[in-house]
Amino acid sequence: MTRLPLTLKELGGALFKAFRLRSTPPQPGETLKEWGNRAIGPAVTSKIISTAMLGIYASDASELSATSILGRLFNRNQITVKGKLRGTVSAEGGLGVLLSNLRSHLLSRGVTIQTSCHADSDTVLAARSAGPVILAVSAWQAASILADAAWSPALKLLAEKLSEIESIGLVSLTLFFNSKPPRLGFGTLFSQTPPHGEPDGILGCLQNSEIFEGRVHQSSHAVLHSETWILGGRSRGEVILEHSDDELLKLIFEKRDRLIQSQSHERLVGHDISRWPRAIPFYSTAHEQLLPELDNVVDGTILFGNYLGDLGLASILERTRELSRKVNSI
Ligand SMILES: Cc1cc2nc3c(=O)[nH]c(=O)nc-3n(C[C@H](O)[C@H](O)[C@H](O)COP(=O)(O)OP(=O)(O)OC[C@H]3O[C@@H](n4cnc5c(N)ncnc54)[C@H](O)[C@@H]3O)c2cc1C
């Protein structure tokens, strides 16, 4: 494990190319690997860009669309909202607090929130009489809802396009330990490509308790450290999802013992495992071609979700400004 996986020569070459980066935007249909090799060189592409994007998009750079992932950085018309805070920020107490405060705010403004309801094509049809319908579910859930929209051939066609979006399976394990490892930081991204990495499906590890305060609670066992490990991805997702809890812990501890802290098993005081068979959309070059057809208002229905160009929560929130403009323009 290393903080800077480049040699001095590779770093020098990359810095030189970085000055001209703005003039080398990704081309339509170009993969992230092709763009990286062209714009900043193979060393930075394989050792930094590929590994970093694997940690976010859970797919190899040779399959990811450069335009979908980096296009906004080169688009001068892109809306970006400048926040007051800098650096890594979160709601005090975590994302759950953000959601409950958002809910209270909306309720105070007279918004009706229904939970535990299963929307289907009839729900969309009924809601249309009151104005535009925003379908904020995953691509494959939207595909299944709209496939039954017998009253709108255009929406049925949209369902067909949505069903072409592939999903990627992930597993997350949050682990609690009674001691901190010797090397502390934000976390680690693991390459899956030899010789730098191992193709074991372990994509990354975040040291939660080092990133934000209040992520470990004192209990009967002293919990001093928390980590979230993300496994799976495009190539190993299906296999990893089949692993039992014990097999997942064994896989992680073998790597953790070797690279982060010995005797992981003895130090563990608690764990929480989540399996996400259809966790995130696959941002492939085929998906890039579908995007323009999904970003329209079709029969009073607007799609909204992490398959429309923004996977991260911050960018999705930013996109809601564009969404409100779209709704107001109907
Ligand atoms: C393991 C993991 C780690 C991640 N880590 C990060 C991170 O660190 N930072 C970050 O920015 N992003 C992260 N992401 C990505 C981010 O969480 C997602 O991209 C984002 O939550 C997607 O938001 P969304 O609104 O598109 O969809 P969702 O959050 O999936 O929301 C869709 C909602 O629709 C509901 N729904 C579906 N069908 C119906 C129906 N028929 N009727 C009613 N409701 C329905 C679902 O229950 C769901 O609540 C992570 C994702 C995963 C899986």
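Residues numbered from 1 in each chain as written. Predicted model: local features only at pLDDT ≥ 70, side-chain atom pairs only at ≥ 80, totals over all residues. Heavy atoms only, no water.

Some details on the domain arrangement of the chain
Okay, so step 1: Each assigned domain of the chain is listed here: domain 1 (8-74), domain 2 (95-113 + 120-166 + 283-328) and domain 3 (167-281).
Okay, so step 2: Placing a centre on the C-alpha atoms of domain 1 and another on those of domain 2 gives a separation of 30 Å.
Okay, so step 3: Contacts between the two partners involve 13 residues from domain 1 and, on the opposite side, 11 residues from domain 2.
Okay, so step 4: The junction of domain 1 with domain 2 conceals about 840 Å² of combined surface from both sides, 49% of it contributed by carbon and sulfur atoms.
Okay, so step 5: When the buried surface of domain 1 facing domain 2 is broken down by residue, Y57, S68 and R72 rank first, second and third, together holding 52% of it.
Okay, so step 6: Taken together, the connections running from domain 1 to domain 2 amount to 2 salt bridges.
Okay, so step 7: The residue R72 makes a salt bridge to D310 at a minimum N-O spacing of 2.9 Å.
Okay, so step 8: Remark: the boundary between domain 1 and domain 2 carries 4 residue pairs in polar contact (both at pLDDT 80 or more).
Okay, so step 9: At the level of secondary structure, the elements contributing two or more residues to the side of domain 1 that touches domain 2 comprise α3 (42-57) and α4 (66-74).
Okay, so step 10: The element contributing the most residues to the side of domain 1 that touches domain 2 is α4, with 4 residues.
Okay, so step 11: Its residues assigned to classes, the side of domain 1 that touches domain 2 comprises 5 nonpolar, 5 polar and 3 charged. (Domains from an automatic or database assignment. Contact = heavy atoms within 4.5 Å. Buried area = accessible area lost by both parts, 1.4 Å probe. Salt bridge = Lys/Arg side-chain N within 4 Å of Asp/Glu carboxyl O. Polar contact = N/O pair within 3.5 Å; in protein donor to acceptor, adjacent residues only side chain to side chain. Helix = DSSP H or I, 4+ residues; strand = E, 2+ residues; numbered from the N terminus. Nonpolar A, V, L, I, M, F, W, Y, C, P; charged D, E, K, R; others polar.)

Focus on the environment of P281
Okay, so step 1: By the element assignment, P281 lies in strand β6 (residues 268-281).
Okay, so step 2: For P281, a relative accessible area of 1% gives the class buried.
Okay, so step 3: With 26 residues separating them along the chain, P281 and Y307 place their C-alpha atoms 5.8 Å apart.
Okay, so step 4: Apart from the residues lying within four places of it in its own chain, the contact partners of P281 are W140, I165, E166, S167, I168, N306, Y307 and L311. (Buried < 20%, exposed > 50% of the residue type's maximum accessible area, 1.4 Å probe, protein only.)

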